[in-house]
Amino acid sequence: MAVDLTLVDLVTGTEVPMGTAFDNFTAAAHTANATGRVRRYRQILVRTMEEEGFTNYDQEWWHFSYPLDGAVPFDRPIR
């Protein structure tokens, strides 16, 4: 199973700055490629998700996977 997500400021209801938009496939979107406040937010997101058993795809700060027993992967060639 996979999920894409971000952090939201609960007071304002707005997304916090994460450095890039979703589905930005440049090096800037790699989880470790951030500085300052953006880096801190990405670290919070990764740590929180890892505590719940998710694994971050390090080239997309927003993308996390969760292992499910017996899951059938969908990454198959389609003919």
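Residues numbered from 1 in each chain as written. Predicted model: local features only at pLDDT ≥ 70, side-chain atom pairs only at ≥ 80, totals over all residues. Heavy atoms only, no water.

A. Seen up close, helix α1 (residues 36–51). Taking 1.5 Å as the rise per residue, α1 with 16 residues should run 22 Å; its terminal C-alpha atoms sit 23 Å apart, in good agreement. The complete set of buried residues in α1 reads Val38, Arg42, Leu45, Val46 and Met49. One side of α1 carries all its buried residues, which in axial view fall inside an arc of 95°. Exposed side chains of α1 directed beyond 90 degrees from the buried face belong to Gly36, Arg37 and Glu51. Packed against the buried residues of α1 are β1 (2–4), β2 (55–56) and β3 (63–65). Of the residues trailing α1, Gly53 is marked for its positive phi of about 95°. (Helix = DSSP H or I, 4+ residues; strand = E, 2+ residues; numbered from the N terminus. Expected span 1.5 Å × (residues − 1). Buried < 20%, exposed > 50% of the residue type's maximum accessible area, 1.4 Å probe, protein only. Arc of directions from axis to C-beta. Contact = heavy atoms within 4.5 Å.)

B. View of unusual backbone geometry. Although it is not a glycine, Asp23 sits at a positive phi angle of roughly 55°. Relative to the assigned elements, Asp23 resides in the loop between β1 and α1.

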